[in-house]
Amino acid sequence: MNMDTGISPPVDRQAGHGHTVPRAARPGQPGSLPRGELVGRDAELRALAEFVRQATPHGAVRVLSGQAGAGRSALLEAAVSAAIAAGVRVLRCSGVRGAVPVALSGLRQILWPLLDTRARSLTGSPSDVLEMLLADAVPAAGGRSRLAFGVLEMLEEAAREHPVLLAVDDWDALDEASREALSFIARRIEGHPIALLLTARPHRTRLAPLDGLRELPLAPLGPTDSARLLAVRRPGLDPQSVRDLLAAAAGNPLALLELPADGEDDVPYVPASSNQLAASMAPGIRRLPDGTRSLLLVAALHPAGDLPLLLSAASRVRGSALGFAVLEAAETEGLVTYDGMRLVFDHPATAGAVVHGTDQGRVRAAHAALAAVLQPGSMRTLWHRSQAVQGTDQELARRLEAVYGEALAQHESALAVRMLRRAAELYATPRDRGRCTVRAAQVAQSLGLDRMARTLGHRAGRWPLGPLGVLCARELAHIGTGRPPADPAGWPLPCGPDEVENALELVRITAPAFADGAPGKDAFVAFLDKLPAEVNEPRLLQAMVMVAPVRRAATIIAGVHAERRETALSVRDLGRLGEAALSAGDPQRALNLYRRIECRHHFYEEFGQLPPALLRQGLAQLALGDWAQSDHTFRRCADVATAQGQDEHTAAARLLTGLVRSLRTGRPVRHGDEQERAAARRAFRPIELVLDTGTACARAEAGDFRGAFLSLRDVLTGPEPGTGALYALVAFAEAAGAVNASAQAIEVLDRLEKRLGDQAAPEIRVRFVVARAVLADGPGEEALFERALAEDLSARPFLAAPLYLAHGRRLRHRRRFLEARASLRQAAATYTLMGAEARSVRVAAELRASGERLETGSAGGPGRRQARDLLSAQELRVAELAGQGLSNREIGALLNLSPRTIGAYLYRIFPRLGVTARAQLAQALREGVAV
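What counts and what doesn't
The residue numbering used here restarts from 1 in each chain and proceeds along that chain's sequence as written. A pLDDT threshold of at least 70 governs which residues receive local features in this predicted model, and a stricter bar of 80 or more applies before side-chain atom pairs are shown or counted, although totals over entire chains, interfaces and linings include all residues. For the side-chain quantities, the full set of heavy atoms in the structure was used; hydrogens and water were omitted. Counting from the N terminus, the helices are DSSP H or I runs at least four residues long and the strands are E runs at least two residues long. Residue burial is assigned from relative accessible area. The probe radius is 1.4 Å, only protein chains are included, and a residue is buried under 20% of its type maximum, exposed over 50%, and partly exposed in between. Only heavy atoms enter the contact rule, under which two residues are in contact if any of them lie within 4.5 Å. With residues, only the protein chains shown are counted as cover, and all accessible areas are computed by Shrake-Rupley using a 1.4 Å probe. Salt bridges are defined as contacts in which a side-chain nitrogen from Lys or Arg sits within 4 Å of a carboxyl oxygen from Asp or Glu. DSSP calls a pair of strands paired once it identifies at least 2 bridges connecting them. For helices, the axis comes from a line fit to the C-alpha atoms of the stretch in contact; other axes are also lines fit to C-alpha atoms, and the angle between any two N-to-C directions lies between 0 and 180 degrees. Only buried residues count toward a nonpolar core. Its members are Ala, Val, Leu, Ile, Met, Phe, Trp, Tyr and Cys residues joined through side-chain atoms within 4.5 Å. One fewer than the residue count of a helix, multiplied by 1.5 Å, yields its expected span.

Within the chain, the secondary structure is distributed over 46 helices and nine strands. By residue count, 53% of the 931 residues in the chain fall in the buried class. At a minimum sequence separation of 6, the contacts of the chain that also span at least 24 residues come to 69%. Roughly 39900 Å² of accessible area belongs to the chain as shown, and the carbon and sulfur atoms make up 51% of that amount.

What follows is the structure, given as structure tokens:
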């Protein structure tokens, strides 16, 4: 039975009969279908409830179609339960897959309860004819030509007492006569209190008897519902196992529940399956010709192969040449389709189903055949060779160990783990086995396969390893148990390439524990400092940025910018570099790295990996002050994460979207409930610091400078302020100046600069310079402003805007109005580029105080110049469209330019026209500009 959740509504059956007995219920009042038991099928349950209500009084037919394991039988049982509650009599039958059905067996199941042999009518009646055909198999007048009419008459007679529901499971697996009779009845029950509900699998060539009947198709479960089903029925799975199951099951409920999760692979390898999956998805596989089964076997073991290659390998397994004709039987059975180049299984889990239970000798022969026809020396050839041999093979093991990195580079992480584990089995020496086993455990843990990592870590501990290898195996064996790591003060320095690799993996594995406050953090940092010259190794940088992002910021940034060929780096290493850059204080470098990662994921169609990359892109843009673009990126992240069923990234993206909008508009920040924040922490560990710092900055944008100053002061004077807090130095300075707390703010800046010393990241150093200029007041302010304005802020509009605003305000106070207006116009244009809507009022007030006016001058006063005299043709077109209310993205689409380019145009246009907001553009273009 194909069921979503394995939960069936209780069914009472009358002893000695095959029909369902109605429970006590008021006739004509259909019960509602059970909800909450079938995950993700609410729409189908509503449709079936409506069908039961309308069909039983007036007659109707519905075909419930879906792939094997989609949950057709469970929904059929739900409809039967609703019919029973309504006092409807239920007659039912089901087909049998994988065997030749007995003639008329389907009709026997439905009609036998209606045949009363103790009160037989006269010879020739419908009951008599049916009984002879169904029970006695005695020919009668009319024979099978009258069968369908007789069945219909008997059902109409039964429906006079109670409405009838015919529940037919697996219609397409019934015998031919039963299918024909039921399809005949389906077109003639309208107007009678008879409902017919059929379940069937879709077929590539639609079965003619069902043509024209109303259908309720069962689509695969969406990612969110699939993840919810796993959480309910298979709790405790690690994140990578959940992602792998979601990808392998492709929304099929039975596959989600039956596919094994990160279990031990058999040798020789076959795709994962189970008895129930095989019986459901490939029930007729044993009846196929041997040549067809050989083709399906090699196709399941090597899905990427084209048909000629697979036929060549299958011919070796079969022992005789096979042609394209062997494919026909598999297509007829609905197991595969041919797309002109490759065989495509009906469902990803069908590959495992067709080879489930195959003899190991035959599987080894298939691996050997594939190794013989694939390119010699390739990664896949070595893999298939390793599955074909028995015993040890030192040379093959060495070659497998050498190419596992190639599998990681090609985004085949699971294959990389399998190759290392198989290499360990093929090696004869204990030290080689230990090295490969601990390496397999390390890769498994990096993929999030904690249970597999623990198993392999225990296994590696039984083999001889170096001192750091022993430490690494112990940590892996206890991963996820809450046990604190060993004291780093006792860790030896690595000696030899294997121990260097173990040291890098050890710091990668244990860094999160020390970042969360495990004892020995200082000793851990000291161990990192003592490691050899691999300072630019991504794993080392990632560990350093977790435990000392501020104390080692300059070292980390230097490592991130070290000379390396990034095209040769894996996505995982690019992500480590991006995390290091973002957390140490180089958001522009982080943004570039995460954009590269996004391109890689798109190229390999790894859409499930996009949300983490997009979330960190948005964080980098937020740190750069590009609020408009970060808002767009966070919304993209939320959309993709929702589509992929990644609730933690959806929660994080939505919280950050709300934060950005508060920064732009000055409205209160939406903090979310504890459940949402906990989910967001799983997506990005330090998100609390980002939200707290951003909330304080949003208060300043809203005009609550006192609250912003106190909040940011508390964060910056803490025992170890994070880089996220240092990104807010200029906002802290602005808030302090607004509440006359400049002296306190300068003391905080002095202490921070002294604490950071020469380890401050270049980006943070520039923020200190701008913050001091913003706070400047008195004799030395000109020097501070000159120093800040001398910095290259062309790529840092988020620093240039508050600096121009503070400079313009100081010039206005000194009554240097012409210079003040120039700086204030530049600030207004920059804030517009950033999407800082809340700032426009404050900047406009400063401009008015400095003497800025848009009204036409009086007689004898200043004249006006037309916009075309100040702007180029392209700038004029951009200004006109922006004045009409179009966004940067809409203007870019019209002019075939990027939104960022449109923002750059507006950045130049605003000061020239003397405006501070887009709403003023139309008036400036219409009336001209005062001179």
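For Thr-695, the location among the structural elements is in helix H32 (residues 687-702). Residue Thr-695 is classed as buried on the basis of its relative accessible area, which comes to 12%. Beyond its immediate sequence surroundings of up to four residues, Thr-695 is in contact with Leu-659, Val-669 and His-671.

What the rule picks out here adds up to 44 salt bridges. Where Arg-318 meets Asp-290, a salt bridge forms, and the shortest distance between an N and an O atom there is 3.2 Å. Remark: Asp-290 occurs in helix H11 (residues 290-301) and Arg-318 occurs in helix H12 (residues 307-318); sequence separation between them is 28 residues. Under the relative-accessibility criterion, Arg-318 is labelled partly exposed at 37%. Note on Asp-290: relative accessible area 30%, which makes it partly exposed. One salt bridge in this structure joins Arg-772 and Asp-750, with 2.5 Å as the shortest N-O distance. Within this pair, whereas Arg-772 is found in helix H37 (residues 762-775), its partner Asp-750 is found in helix H36 (residues 742-756), the two being separated by 22 residues in sequence. Members of the salt-bridge network, linked through shared partners, are Glu-501, Glu-505, Arg-508, Glu-537 and Arg-539.

Moving on to the sheet that holds strand E5 (residues 215-217). Ordered by their spatial adjacency, five strands build an open sheet running E2-E3-E4-E1-E5, and the pairing between neighbours is parallel. Each having just a single partner strand, strand E2 (89-94) and E5 make up the two edges of the open sheet. This sheet shows a mean twist of 15° between the axes of neighbouring strands, independent of strand direction. Lying on the sheet, helix H2 (residues 72-85) is in contact with strand E1 (60-65), E2, strand E3 (164-169) and strand E4 (194-200); it crosses E3 at an angle near 165°.

Here we take up the nonpolar core. Looking at soluble globular proteins, one finds that nonpolar side chains tend to be buried together. Counting 125 residues, the largest nonpolar core has Phe-524, Leu-528, Leu-615 and Leu-656 as the members making the most contacts within it. If you look at the next biggest cluster of nonpolar residues, it comprises 50 residues, including Ala-249, Leu-322, Ala-330 and Val-354.

This part is about H11. With twelve residues, H11 should cover 16 Å at 1.5 Å per step; its first-to-last C-alpha distance of 17 Å lies within 8% of that length. Counting buried residues along H11, ten of its twelve residues qualify, which places the element largely inside the surrounding structure. Of all the residues in H11, the buried ones are Gly-291, Thr-292, Ser-294, Leu-295, Leu-296, Leu-297, Val-298, Ala-299, Ala-300 and Leu-301.

To continue, consider the side chain of Asp-170. Turning to its location among the elements, Asp-170 is positioned in the loop between E3 and helix H6 (176-186). Classification of Asp-170 by relative accessible area gives buried; the value is 10%. The contacts of Asp-170, once residues within four sequence positions are left out, are Arg-72, Gly-95, Arg-97 and Thr-199.

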